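# Residue-level structural notes
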Amino acid sequence: MTNNFHIPENHPRAESLRIREKLIEGFERGLVALAGLIAHGRGECFDYILGEKTLPFAFEAEKAAVAMMLLSKNPVISVNGNVAALCADEIVKFAKTVDAKVEVNLFYRSLKREAKIAEILKNKGLEVILGVGCEASSEIPNLSSLRRKVSPKGIFLADTVLLAIEDGDRTEALRKMGKNVIAIDLNPFSRTALWASITIVDNVVRALPNMIKIAENLRFEDRFKLKSILTSYNNCENLCKIVDFMCRRLKIFAEKGLLKPNMTSKIEVLEKRIISEIIGER
Ligand code: PTJ
C-alpha cells in the first residue's frame, strides 16, 4: 500500500479503500493521469448510488458484450491509465479468452505513460500491445483530442472496441466510423454511455471478472446462440432500467432514512423487490 498505509480488514469501506490505493499507487508509478484520480471519484459516487454491486441489468449488458466480442472479426480492447492500474490482469485474461487485440490509448497522451502501461501488460503475459508511440499512425476522423491517434492494426481496423472509464468524444467518433462500441462506465448519463452500442453500468473491477467468467462459458457456443443473446439485448431499455433502479433506491433512502442502524438487510430486501418489479414490468 502507498506510504505504508494500512487498511484494517474490518474497515466498513475496506474494499473501496483498496481500489483507491491501487489508483494512487498507479499514479505514483506513472500509469495514471492526475485527472484519472478525479475520474475515479466520479465513478465512486455513481457506484454508491448503485449499491456497489453488479445489478442484473449490468450483468445482461456484460453477457451481450461478450457475445459481441466473440462474434466480431477484429475486437480490440482500449486501455487507459485507470484501466491499467485497476485491472491489468483481467484485461490480459479477457483478451486471451475472447481473442481480442489490446491497444493503449490515452487522453493525456505521453510516450512515457504509454510505454509504462504496455510494460505492465507485457509483464502480465500479453505479447502484442498496439498503440504505443508512432505505431499509432492512423487517425479517428472528427476527433480533436490526442486519442484520435490509433493503431492501423488495432482500433482503426476494429469492428468492435471495448473501452472503460473515459469521456464521451471518442465513443461518438468511433460509432460514426461504423464501429460497435462497448463501454464500461458507472455513469449512465455520460455521453460515452449514451453513444455506446452496449453500455455496462458497473465498476470495471467487477465487470471484467464477470466478463471473463461469461466468456469462458460462451466461447465454444455456436454463432447462432451468440447472435440470439445479442438480438434479445436492447441498450436503451437497459439504461432506462438502471436509471429507474437508481431513482427507486434513492427514494427508499429518502423515505426510510439513511443512517438508521440495522437498515442494511432491510434495504437489500427492498432492492430485490425493486429489481424484480423492474424486470417484471417491461
Ligand atoms: O489515462 P488517460 O490519459 O486516458 O485519462 C483517462 C481519464 C479517466 C482521466 C479520462 O478518460 C477522463 O477524464 O474521464 P472522465 O471524463 O472523468 O470520465 C470517466 C467516466 O468513467 C465517468 O463517467 C466515471 O463515472 C466513470 N468511472 C470512473 N471510475 C470507474 C468508472 N466507470 C467504471 N468503473 C470505474 N472504476
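Structure first, text after, so check above.
All of the points below concern the structure found in this document.

Counting 53 residues, the largest nonpolar core has Ile77, Phe94 and Leu121 as its most contacted members. Sorting elements by how many residues they give to this core places helix H4 (residues 81-98) first, with eleven residues. Dropping the residues within four chain positions of it, Phe94 is found in contact with Val66, Met69, Ile77, Leu162, Leu208, Met211, Ile212 and Ala215. Within the second largest apolar cluster, 17 residues are counted, among which are Leu186, Phe253, Ile267 and Ile275.

Another point: the packing of helix H1 (residues 14-28) against H4. Look at H1 against H4: their axes get within 9 Å of each other, and the N-to-C directions meet at 125°. The angle between H1 and H4 places the two elements in the oblique class. At the point where H1 passes H4, the crossing takes the right-handed sense. Residues Ile19, Lys22, Leu23 and Gly26 of H1 pack against Asn82, Ala85 and Leu86 of H4. Here the contact of H1 with H4 is built from residues that sort into four nonpolar, two polar and one charged.

This part is about the pairing of strand E1 (residues 75-79). Both faces of the sheet carry side chains from a regular strand, because those side chains alternate between them. For E1, a buried count of five out of five residues is recorded, marking the element as mostly surrounded by other parts of the structure. Residues Pro75, Ile77 and Val79 line one face of E1 and the alternating positions Val76 and Ser78 line the opposite face, and both faces are buried. Direction of pairing for E1 relative to strand E2 (residues 101-104): parallel, over a ladder of four bridges. Pairing of Val79 across the sheet is with Val104, part of E2. For the handedness criterion, the β-α-β arrangement of E1, H4 and E2 is classed as right-handed.

It is worth spelling out unusual backbone geometry at this point. Positive phi is not limited to glycine here, since Asn142 has a value of about 60°. Residue position: Asn142 is located in the loop between strand E3 (138-139) and strand E4 (149-150). Even without glycine at this site, Ile165 takes up a positive phi of about 55°. In this structure, Ile165 sits in the loop between strand E5 (160-164) and helix H6 (169-176). On the basis of relative accessible area, Ile165 is assigned to the partly exposed category, the value being 27%.

Now for the packing of aromatic side chains. Tallying each qualifying case throughout the model produces two aromatic pairs. An angle of 50° between the planes, with centres 6.4 Å apart, marks the rings of Phe46 and Phe189 as tilted. Of this pair, Phe46 sits in helix H2 (residues 34-50) while Phe189 is found in the loop between strand E6 (180-184) and helix H7 (191-195), placing the two residues 143 residues apart along the sequence. The class of Phe46 is buried, set by a relative accessible area of 17%. Note on Phe107 and Tyr108: the rings are 4.9 Å apart at their centroids and 85° apart in plane angle, and the pair reads as edge-to-face. A relative accessible area of 47% means that Tyr108 is categorised as partly exposed.

Conventions and cut-offs
Going along each chain's sequence as written, the residues are numbered from 1 onward. Predicted model: local features are reported for residues with pLDDT of at least 70 only, side-chain atom pairs are reported and counted for 80 or more only, and whole-chain, interface and lining totals are derived from all residues. Values reported for side chains reflect all heavy atoms of the structure, with hydrogen atoms and water molecules removed beforehand. Definition used in this section: a nonpolar core is a set of buried Ala, Val, Leu, Ile, Met, Phe, Trp, Tyr and Cys residues joined via side-chain atoms within 4.5 Å. Between buried and exposed lies partly exposed: a residue is buried under 20% and exposed over 50% of the maximum accessible area for its type, with that area taken using a 1.4 Å probe on protein chains only. Each helix corresponds to a stretch of at least 4 residues labelled H or I by DSSP, and each strand to a stretch of at least 2 residues labelled E; elements are numbered beginning at the N terminus. Note on definitions: a residue-residue contact is assigned when non-hydrogen atoms from the two residues lie within 4.5 Å. Geometry is summarised by axes, namely lines fitted to C-alpha atoms with helices restricted to the contacting stretch, and by angles between N-to-C directions that run from 0 to 180 degrees. By the definition adopted for this analysis, an angle is roughly parallel if under 35 degrees, roughly antiparallel if over 145, roughly perpendicular if from 65 to 115, and oblique otherwise. Put simply, a crossing is left-handed when the front helix is turned counterclockwise from the back one by less than a right angle, and right-handed when it is turned clockwise. When residues are grouped by polarity, Ala, Val, Leu, Ile, Met, Phe, Trp, Tyr, Cys and Pro land in nonpolar, Asp, Glu, Lys and Arg in charged, and all others, Gly among them, in polar. In this analysis, strands are considered paired if DSSP registers two or more bridges between them. Look down the strands so they point away from you; if going from the first strand over the helix to the second traces a clockwise path, that crossover is right-handed. Stacked, tilted and edge-to-face are the three classes assigned to paired rings of Phe, Tyr and Trp, where Trp is represented by its six-membered ring and a pair needs centres within 6.5 Å; plane angles under 30 degrees give stacked, over 60 edge-to-face, the rest tilted.

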